[in-house]
Amino acid sequence: MNRRLLAYFLLDTSGSMRGEGIAALNNGFNGLISMLRQDPQAMDSLYISAITFDREVHNIIPLVDLASYQPIEITCPESGPTHSGQALEMLRDLVSAELVKGSMDRKGDWKPLLFIFTDGKPSDIQKYRQMIPIIKALDFGAVVACAAGPKAEESFLLELTDHVVKLDATDSSTLSTFFQWVSSSIEMGSKSQGTGEKMTLPPPPTELNIVV
């Protein structure tokens, strides 16, 4: 069995994403897949899974290898809350079930990667904060969070990870830039994991502001 690199995406589909935001998210995510498919290493080892969160939480892309992935349309309701904590809870369940741990007679999967995209803040703050130490204990190779648009509150994301980027808008060109950077991050991740080095993220383009 090949060692797999699992990449999980948590995508905010709350009502505030309706219209241009959700269209841009679809374009950016599909562009990400196209870019990754040009990387032979990603085609060989990368598996992706996506969870959307609004008033409900769905694993809209169950774990699938990059070559077999079939594009789907990401949708959002007209309005409603942002259940980020519930999304982290589902993530924990998926990673616990899907990640192959190493043993004496086989090498397990590489450390998984997590990418979170939101244009707001958690509606279920208590659950969100309960899940943070549990997610950190899963030992991801990297956790990258994106706060997009004027209403996104990066302070909650900084409780989960040091790698937070801020986008000024949720239009197609801005989100495409973000997902291009995500593609580079995944490609670097697959190469650095192969050498056993700690994963370092590529420098972000000027449209992405690193939050310190």
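Before reading on, note that the structure itself is shown above.
Residues numbered from 1 in each chain as written. Predicted model: local features only at pLDDT ≥ 70, side-chain atom pairs only at ≥ 80, totals over all residues. Heavy atoms only, no water.

> Whenever I open this one, the overall build of the protein chain confuses me. Can you help?
Secondary structure summary: the protein chain contains 6 helices and 7 strands in total. Secondary structure elements of the protein chain, listed N to C terminal, follow the sequence β-α-α-β-β-α-β-α-β-α-β-α-β. Relative to a compact globule of 212 residues, whose C-alpha radius of gyration would be 17 Å, the protein chain shows 16 Å and is just as compact. Taken along the three principal axes of its C-alpha coordinates, the protein chain extends 50 × 35 × 35 Å. Of the contacts formed within the protein chain by residues at least 6 apart in sequence, a portion of 73% connects residues at least 24 apart. By element, 51% of the accessible surface of the protein chain is carried by carbon and sulfur atoms, the whole surface being about 9800 Å². In the protein chain, which carries 18 positive and 26 negative side-chain charges, the distance between the mean positions of the two groups comes to 6 Å. (Helix = DSSP H or I, 4+ residues; strand = E, 2+ residues; numbered from the N terminus. Rg over C-alpha atoms; globule rule 2.2 N^0.38 Å. Contact = heavy atoms within 4.5 Å. Areas by Shrake-Rupley, 256 points an atom, 1.4 Å probe, with all protein chains shown as cover. Lys, Arg positive; Asp, Glu negative; His and termini not counted. Charge placed at Lys NZ, Arg CZ, Asp CG, Glu CD.)

> Can you walk me through the nonpolar core in this structure?
Across soluble globular proteins, nonpolar side chains have a tendency to be buried as a group. Grouped together as the largest cluster of nonpolar side chains are 38 residues, with contacts concentrated most on Phe-9, Leu-25, Phe-29, Leu-46, Phe-117, Phe-178 and Ile-186. Those elements that place two or more of their residues in this core are β1 (5–12), α1 (20–36), β2 (46–53), β3 (57–65), β4 (113–118), β5 (142–148), β6 (163–167) and α6 (172–195). Broken down by element, the residue count for this core peaks at 7 residues, all from α1. With residues near it in sequence (within four places) discarded, Leu-25 still touches Leu-11, Asp-12, Met-17, Ile-74, Phe-117, Leu-175 and Phe-179. Formed by 28 residues, the second largest nonpolar core is a distinct cluster that contains Leu-94, Val-95, Leu-138 and Leu-157. (Core = buried A, V, L, I, M, F, W, Y, C linked by side-chain atoms within 4.5 Å. Buried < 20%, exposed > 50% of the residue type's maximum accessible area, 1.4 Å probe, protein only.)

> Is there a simple way to explain empty space enclosed by the protein in this structure?
Gaps left between atoms are located by rolling a probe of water-molecule size over the structure's atoms. Counting across every chain of the model gives 1 cavity of 30 Å³ or more. If you add up the space inside the largest cavity, you get close to 100 Å³. Looking at the largest cavity, it is lined by 14 residues, and the ones nearest its centre are Ser-84, Ile-116, Thr-118, Tyr-128 and Leu-157. Elements that contribute at least two residues to the lining of the largest cavity include exactly α3 (84–98), β4 and α5 (154–160). Here the lining of the largest cavity takes 3 residues from α3, the largest share from any one element. Looking at the lining of the largest cavity residue by residue, the class counts come to 9 nonpolar, 3 polar and 2 charged. (1 Å grid on protein atoms, 1.4 Å probe; cavity = no way out; pocket = protein on both sides within 12 Å on 5 of 7 lines; lining within 4 Å. Points joined across faces, edges and corners; volume = space filled by probe spheres on them. Nonpolar A, V, L, I, M, F, W, Y, C, P; charged D, E, K, R; others polar.)

> Is there a simple way to think about helix α4 (residues 125–137) in this case?
Every α-helical turn comprises 3.6 residues, leaving residues that sit three or four positions apart pointing alike. If you check α4, its first and last C-alpha atoms are 19 Å apart, about what 13 residues at 1.5 Å a residue would give, namely 18 Å. Roughly 30° is the biggest bend found in α4, and it falls at Met-131, with proline Pro-133 one to four residues downstream. Buried within α4 we find Tyr-128, Met-131, Ile-132 and Ile-135. In the core, the buried residues of α4 are packed alongside α3, β4 and α5. Looking one or two residues past α4, Asp-139 carries a phi angle of roughly 60°, positive in sign. (Expected span 1.5 Å × (residues − 1). Bend = angle between axes of the 7 residues up to and from the residue.)

> I'm lost on the side chain of Ser-49 in this one. Help?
Within the secondary structure layout, Ser-49 lies in strand β2. Judged by its relative accessible area of 1%, Ser-49 falls in the buried class. Ignoring anything within four residues of it in the chain, the contact list for Ser-49 reads Ala-7, Tyr-8, Phe-9, Asn-59, Ile-61, Pro-62, Leu-63 and Leu-94.

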